[in-house]
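Residue-level structural notes
Residues per chain, in single letters:
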Amino acid sequence: MAHSASNKSVFPLFRWLWRDYLRPHKSTLALAVFFMAVEGSMLGFLSYMIQPMFDNVFVQKQGGALWWVGFGILAIFCVRAVSSAGQKILMTKVNQLSSAGMRSHLLRHLMTLDGGYHQINPPGQLIERVQSDVTVVNQIWTALLTGIGRDLIAVIVLFSVALSVDWRWTALALVGIPFLVLPSLLAQAYVRKRAGNARDLAGRMATRLDEVFHGINAIKLNALETYQSARYDALGAARVRAEVRAVSGQAAVPALIDIMTGVGFLGVLVFGGAEIIAGDKTIGQFMSFFTAMSLAFEPLRRLGLMSGQWQMAAASIERLQDILHEAPTLTSPATPLAAPQTAPAITLHDVALNYGDLPVLRGTSFTAAAGKTTALVGASGAGKSTIFNVLTRLVDPASGSVEIDGISNRDMALPTLRGLFSVVSQDAALFDETLRDNILLGRTGISDAALVSVLDAAHVSDFLGKMPAGLDSPAGPRGSNLSGGQRQRIAIARALLRDTPILLLDEATSALDTKSEAIVQNALQALSHGRTTLVIAHRLSTVRHAHSIVVMDQGRVVDQGTHDALLARGGIYADLYKLQFSQEKAQTP
């Protein structure tokens with residue numbers, strides 16, 4: 001869903017930002033704005049003090065005025081220093097707290113979205129939104145508040161001083177301002193477009209990095225370093241062009257302010273100079289006016305730059321709105337039913353599911369008996385892994401139903417439903433944390449005895465003594481510090497500790513050598529005891545002892561029975577088994 005970054009769509013986001021993240025810090029923000037106003041107003045007081053400094057001290061040579069003017073200017077700078085430091089510290093604190101809160105909010109929201117959303121939005125793009133886009137949005141609200149609280153106050157006070165000296169001089173100094181309106185509007189539209197391109201390119205660069213680092217071994221083995229570098233360099237060059245163009249448009253407004261200010265100063269100098277020569281104005285008045293307008297110049301430029309900053313932030317705001325307007329389609333029912341407490345029977349009734357235009361499940365029906373092991377076998381693409389996704393509601397079927405002890409899985413709360421399952425797959429998902437953290441996954445209150453029991457049952461204890469820090473050794477990115485068999489055993493220990501009534505095994509031993517496979521198979525047998533277990537396996541020798549084997553072909557169940565019964569009947573299972581047996585026999589020396 002695309003959203004315009006117009007005021008109508010942007011301000012609700014800032015209302016959300018205020019409601020959830022800034023309002024708890026309203027006292028801190030109020031104090032920061034007070035300091036900003038004090039800091040900005042000090043420039044006006046400084047310009048006001050210029051007139052007595054010239055007229056009373058330098059021209060009339062009043063010795064008494066020297067002291068009060070000097071200490072007055074010193075006090076102005078001291079107050080400005082304290083207020084400037086105070087507002088910067090307070091604003092930084094609130095900015096960092098709101099940034100952290102928004103990133104956490106976005107991450108939690110992204111984790112609620114369906115798998116389909118994450119399939120079409122690569123991780124690099126999402127990382128860029130959570131990290132960089134949040135930074136940009138928080139920079140702009142900070143800049144806006146600072147502009148209002150400090151720079152706008154400074155400009156108002158300085159113009160007030162200038163007006164108190166001579167309103168005609170002030171009008172002359174500002175004569176070029178009306179000519180800034182149209183160029184400013186054109187510059188803003190240009191900046192918004194170029195900034196959007198830059199943010200998109202930043203996301204694509206992050207995606208490219210993510211893919212490179214994930215596939216570093218494949219890149220090395222296929223000598224793709226030059227190819228991947230060239231692709232990344234091309235994106236980098238495009239981003240440089242987009243960023244430079246965006247900043248060029250952003251810098252146009254302050255540049256125009258510079259030119260118009262120069263024109264105004266020329267008019268004041270010609271008109272005001274004549275009045276000073278004629279004796280109608282004093283040098284102190286002119287210097288006070290000149291100082292006020294000169295000091296107003298920099299905050300005025302910052303306010304002009306703010307319009308460009310707003311447009312650059314608009315691209316990030318659009319991207320954040322796209323995320324926040326996404327809603328998960330897989331949700332819990334309004335009145336969820338309780339889940340079974342013991343190992344349940346699982347039944348699929350005529351389940352059909354398409355991925356786009358591709359049919360994956362075509363009226364799939366079977367029953368996995370409670371507390372027993374049921375194996376799913378068939379060629380690649382038969383729909384076996386999709387069944388696991390349907391069971392856990394990572395995806396909902398187009399038709400048919402899934403029942404767990406007679407209760408539809410759609411009638412349970414999602415956390416409750418998924419709390420019934422433990423999953424061990426061939427690609428054990430380990431995090432870049434310690435082995436202990438990967439097993440516990442945030443669980444607390446686990447006794448040492450219970451943990452040791454799990455480690456022994458999963459055969460983790462067999463290799464734990466060889467790890468540098470035992471259970472507190474780092475697993476490495478995606479478990480890179482461990483072998484395939486070790487990663488699988490960590491995943492099994494995690495599943496044992498989770499202690500759920502249903503176990504899903506997806507090719508859990510397919511990538512292992514014979515010795516590791518035997519160890520992992522023993523651990524899996526311990527894990528499946530007393531649980532309803534569904535196993536996906538290509539090597540039929542690993543499932544021959546299953547209580548029931550479901551044979552699938554092109555999304556349909558074509559047969560079901562024990563290993564011996566299926567062999568006796570012939571058909572797809574018997575053909576697959578004979579083929580694998582002959583291949584294994586041929587490979588045996």
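Residues numbered from 1 in each chain as written. Predicted model: local features only at pLDDT ≥ 70, side-chain atom pairs only at ≥ 80, totals over all residues. Heavy atoms only, no water.

**With respect to the overall build of the protein chain**
Stated formally: Counting from the N terminus, the helices are the DSSP runs of H or I reaching at least four residues and the strands are the DSSP runs of E reaching at least two. Radius of gyration means the value over C-alpha atoms here, while the globule rule gives 2.2 Å times the residue count to the 0.38 power. Exposure categories follow from relative accessible area, calculated using a 1.4 Å probe and restricted to protein chains: below 20% of the type maximum is buried, above 50% is exposed, and the middle band is partly exposed.
Scanning the protein chain from terminus to terminus reveals 19 helices and ten strands. Compactness check: the protein chain gives a C-alpha radius of gyration of 35 Å against a globular reference of 25 Å for 589 residues, more than 25% above the reference. In terms of its C-alpha atoms, the protein chain occupies a principal-axis envelope of roughly 120 × 55 × 50 Å. Relative to its 589 residues, the protein chain shows a buried fraction of 47%.

**Considering the confidence of the model for the protein chain**
For clarity, the threshold we go by: pLDDT expresses, on a scale from 0 to 100, how confident the predictor is about each individual residue. Two residues qualify as a contact provided that any one of their heavy atoms is within 4.5 Å of a heavy atom in the partner residue.
Summing up the model confidence of the protein chain, the mean pLDDT is 83 and the portion of residues at 70 or higher is 90%. Predicted confidence for residues 1-10 stays below pLDDT 50, and this span has 22 contacts to residues more than four positions away or in other chains.

**Overview of the sheet that holds strand S6 (residues 421-425)**
Keep this limit in mind: By the convention used here, strands pair only if DSSP detects at least 2 bridges between them. To get an axis, fit a line to the C-alpha atoms, keeping to the stretch in contact for a helix; angles then go from 0 to 180 degrees between the N-to-C directions.
Read from one edge of the open sheet, six strands run S6-S7-S8-S3-S9-S10, paired in mixed fashion. Here the strands that pair on one side only, and so sit at the sheet edges, are S6 and strand S10 (556-561). On average, adjacent strands in this sheet sit at an angle of 20 degrees to one another, irrespective of strand direction. Bridge count for strand S3 (residues 373-377) against strand S8 (residues 532-536) is four bridges, and the pairing is parallel. Bridge pairing links Thr374 to Leu534 in S8. Sitting on the sheet, helix H17 (residues 514-528) touches S3, S6, strand S7 (502-506) and S8, and the angle it makes with S7 is about 155 degrees.

**Topic: helix H11 (residues 384-391)**
Of all eight residues that make up H11, six are buried, and the element is covered over most of its length. Those residues of H11 that sit buried are Lys384, Thr386, Ile387, Phe388, Val390 and Leu391. Of the residues trailing H11, Arg393 is marked for its positive phi of about 60 degrees.

**A short note on the sheet that holds strand S1 (residues 346-355)**
Sheet architecture is open: four strands sit in the order S2-S1-S4-S5, paired in antiparallel fashion. The sheet terminates laterally at strand S2 (358-368) and strand S5 (407-408), the two strands that pair on one side only. Pairing between strand S4 (residues 399-404) and S5: two bridges, direction antiparallel. From the neighbouring strand, Ile404 faces S5, where its bridge partner is Ile407. Here H11 sits on the sheet and contacts S1, S2 and S4; the angle it forms with S1, its principal contact strand, is near 110 degrees.

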